[in-house]
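This is what each chain is made of:
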Amino acid sequence: QVQLVESGGGLVQPGGSLRLSCAASGSIFNVAAWHRQAPGKQRELVASITSGGRTNYADSVKGRFTISRDSAKSTVYLQMNSLKPEDTAMYYCWSYPSYWGQGTQVIVSS
């Protein structure tokens, strides 16, 4: 099976930025997404990217987050700018058809 490993999470102040990376073993990324789950809440889709490069974002992150991929490196990224406390969550990488990473923690706090 494909293995996904996220990195780049950490503690950041409100208004700051982080870039999450998801490196995959095996096949390159074609369709991928980032999800997040905050304590006591359901996991939600944050951003996705199709094989053709079309992107989609949750309303809460539009204009602040950017998903991208580098198929040659088998890596998908999530650039997060203007971070807010409500962005605090575990962030998970997903790749078609059903692969998940272990998650990386993002904490936005002063």
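Residues numbered from 1 in each chain as written. Predicted model: local features only at pLDDT ≥ 70, side-chain atom pairs only at ≥ 80, totals over all residues. Heavy atoms only, no water.

Engineer: Mind showing me how you'd approach the sheet that holds strand 1 (residues 4-7) here?
Structural biologist: Sheet strands associate in pairs through backbone hydrogen bonding, adopting either a parallel or an antiparallel arrangement. Taken in spatial order, the four strands line up as 1-3-8-7 in an open sheet, and their pairing is antiparallel. Only two strands of the sheet have a single neighbouring strand rather than two, namely strand 1 and strand 7 (65-70). For this sheet the average axis-to-axis angle between neighbouring strands, irrespective of direction, equals 15 degrees. Here six bridges tie strand 7 to strand 8 (residues 75-80), and the two strands are oriented antiparallel to one another. When the bridges of strand 8 are listed, Arg69 appears paired with Val76. (Pairing = 2+ DSSP bridges. Helix = DSSP H or I, 4+ residues; strand = E, 2+ residues; numbered from the N terminus. Axes fitted to C-alpha atoms, helices over the stretch in contact; angles between N-to-C directions.)

Engineer: Quick question: what am I supposed to make of the state of the cysteines here?
Structural biologist: Each disulfide consists of one covalent bond between the sulfur atoms belonging to two cysteines. Per the stated rule, a full pass over the model turns up one disulfide. Here Cys22 connects covalently by a disulfide to Cys93, the sulfurs 2.2 Å from one another. Handedness of the Cys22-Cys93 disulfide follows from its S-S torsion of about -90 degrees: it is left-handed. With Cys22 in strand 3 (residues 18-24) and Cys93 in strand 9 (residues 89-95), the pair connects residues that are 71 residues apart, well separated along the chain. Per residue, the accessibility class of Cys22 equals that of Cys93, and both read buried. (Disulfide = S-S within 2.5 Å. Buried < 20%, exposed > 50% of the residue type's maximum accessible area, 1.4 Å probe, protein only.)

Engineer: It is not clear to me how the environment of Asn81 should be interpreted in this structure. Could you clarify?
Structural biologist: Checked against the element boundaries, Asn81 lands in the loop between strand 8 and strand 9. Taking the relative accessible area as the measure of exposure, Asn81 reaches 31% and is therefore partly exposed. In the structure, Asn81 is positioned 64 residues away from Ser17 in sequence and 4.4 Å away in space, judged by C-alpha atoms. Those residues in contact with Asn81 that sit more than four places away from it in its chain are Gly16, Ser17, Arg64 and Phe65. Side chain to side chain, Asn81 and Gln79 meet in a polar contact 3.0 Å long. (Contact = heavy atoms within 4.5 Å. Polar contact = N/O pair within 3.5 Å; in protein donor to acceptor, adjacent residues only side chain to side chain.)

All we've got here are geometric facts, nothing functional implied.
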